[in-house]
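A closer look at the structure
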Amino acid sequence: RRKEKKETYKAQVLAFVGAKGGSGVTTLLTQMGALLAKTYSRKSLVLDLHPDIGDAALYLRLTKFKYHSFELLENTDRLDAELLQSFVLSHSSGLDLIPAPENGDAFRNVPSGAVAHMLEFMRARYEFILVDLPTLMSEESLDVVRECDQLYIVTVAEVAALRNVVRQIEYFTRKQIPQDRIRVVLNRHQKRALVTDEQIEKVIKQKIFWRVPNQYAHVVKTIH
């Protein structure tokens, strides 16, 4: 008899952080996750690590849930396939989600090494793990950045946001995050913007990795 071949994965962990609030991180991340799952049939997971009121569940219309990401981090000492599945919500695209807490109750005692252990366990079960990080770095967020394969800083062509990109890159450099792991995404890109791409690259001292066109009306329609 032919034995059923067990699928094995080694997920890429892609971390996303905004230069400032409203940069469009959650929109990009959830749309990318759904695209990977539905169009490319990639086993993908969105992990929302905002300490309170993350929006990934809202954007994916998965607002009814019992458990959240920080509760999982608290229980990594007993992490197995059954426990993980109890935290996972499934979107119609095939994308999985572990949501953020809704009521600001995530400030708990997360054990040392919990993030690394959780991600390593998840890597064996997915092809892509997309992590939605808050702009203000916590120890848990920084642990994700240390473990991730790529870190995307999402910005818009505004002076305040670009100043924060520079600060974030300097911060991650001080934390010994390799420069080639950090990639800048320019969201709501317009060809005739007041701040040009050349000016942006001069300020951030690296090339823009992605340019996402400004399609606000389409995004609002997609979310709602």
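Quick summary incoming for the structure in this document. All residue numbers here refer to positions counted from 1 along the written sequence of the relevant chain. Only residues with pLDDT of at least 70 are given local features in this predicted model, and only at 80 or more are side-chain atom pairs given and counted; all residues enter the totals for whole chains, interfaces and linings. In computing side-chain values, all of the structure's heavy atoms are included and hydrogens and water are not.

1. Thoughts on the pairing of strand 7 (residues 182-189)
Note on exposure labels: buried denotes an accessible area under 20% of the residue type's maximum, exposed denotes more than 50%, and partly exposed covers the range between, all computed with a 1.4 Å probe on protein chains only. Per the convention used, a helix needs a DSSP run of H or I reaching at least four residues, while a strand needs a run of E reaching at least two, with both numbered from the N terminus. Counting buried positions over the 8 residues of strand 7 gives 6, a clear majority of the element. Two strands pair if DSSP finds at least two bridges between them. Pairing of strand 6 (residues 150-155) with strand 7 involves 5 bridges; the strand directions are parallel. Across the sheet, V154 pairs through a bridge with V185, a residue of strand 7. Here the term right-handed applies to a crossover when the path leading from its first strand over the helix to its second strand runs clockwise, the strands being oriented away from the viewer. As for the winding sense of the linkage, the β-α-β connection from strand 6 through helix 7 (residues 159-174) to strand 7 is right-handed. In this sheet, strand 8 (residues 208-213) lies alongside strand 7 in parallel orientation, the contact comprising 4 bridges. Across the sheet, residue L186 finds its bridge partner in strand 8, namely R211. Each parallel crossover has a hand, and the one from strand 7 via helix 8 (residues 197-204) to strand 8 is right-handed.

2. Description of the environment of E147
Secondary-structure assignment places E147 in helix 6 (residues 139-147). Judged by its relative accessible area of 32%, E147 falls in the partly exposed class. For the pair E147 and E120, spaced 27 residues apart in the sequence, the C-alpha separation amounts to 9.0 Å. A contact between two residues is defined here by any heavy atoms of the two lying within 4.5 Å. Once you skip the residues sitting within four places of it in the chain, E147 turns out to touch A116, L119 and R123.

3. Considerations on helix 7
Helix span, expected: 1.5 Å multiplied by one less than the number of residues in the helix. With 16 residues, helix 7 should reach 22 Å at 1.5 Å per residue; the first-to-last C-alpha distance of 23 Å fits that figure. Buried within helix 7 we find A161, L162, N164, V165, Q168, I169 and F172. Around the axis of helix 7, the buried residues are gathered within 155° of arc, so they sit on the same side. Set apart from the buried face of helix 7 by more than 90 degrees, the exposed residues are V159 and R174. The inward-facing, buried residues of helix 7 contact strand 1 (12-18), helix 6, strand 6, strand 7 and helix 8. Phi for Q176, located one or two positions after helix 7, is positive at around 65°. In this context, the arc is that of the directions from the helix axis out to the C-beta atoms.

4. Some points on the sheet that holds strand 7
Spatial strand order, 3-4-2-5-1-6-7-8: 8 strands in an open sheet with mixed pairing. Strand pairing shows two members of the sheet lacking a second neighbour, strand 3 (89-90) and strand 8, which therefore form its edges. Note on geometry: axes are C-alpha line fits, over the in-contact stretch for helices, and angles between N-to-C directions span 0 to 180 degrees. Sheet strands touched by helix 1 (residues 25-38): strand 1, strand 2 (44-48), strand 5 (128-132), strand 6, strand 7 and strand 8. Its angle to strand 5, the strand with the most contacts, is close to 165°.

5. Considering the packing of helix 7 against helix 8
In contact at an axis separation of 9 Å, helix 7 and helix 8 are set at 35° when each is read in the N-to-C sense. Where helix 7 crosses over helix 8, the handedness of that crossing is right-handed. Along its contact with helix 7, which presents L162, V165, V166 and I169, the element helix 8 presents I200, V203 and I204. Throughout, the ten residues Ala, Val, Leu, Ile, Met, Phe, Trp, Tyr, Cys and Pro are labelled nonpolar, Asp, Glu, Lys and Arg are labelled charged, and all others, Gly among them, are labelled polar. Broken down by class, the residue content of the contact of helix 7 with helix 8 amounts to 7 nonpolar, no polar and no charged. In a left-handed crossing the near helix is turned counterclockwise from the far helix by less than a right angle, and in a right-handed crossing that turn is clockwise.

6. A few points about the environment of V156
Inspection of the secondary structure assignment puts V156 in the loop between strand 6 and helix 7. Judged by relative accessible area, V156 falls into the buried class, the value being 4%. As a C-alpha pair, V156 and F87 span 69 residues in sequence and 33 Å in three-dimensional space. Setting aside chain neighbours within four positions, we find V156 in contact with K20, S23, A161, L162, L186, N187 and R188.

7. With respect to unusual backbone geometry
For Q176, which is not glycine, the phi dihedral falls at a positive 65°. We classify Q176 as exposed; its relative accessible area is 71%.

Everything listed here is a matter of coordinates, which is why it stays silent on function.
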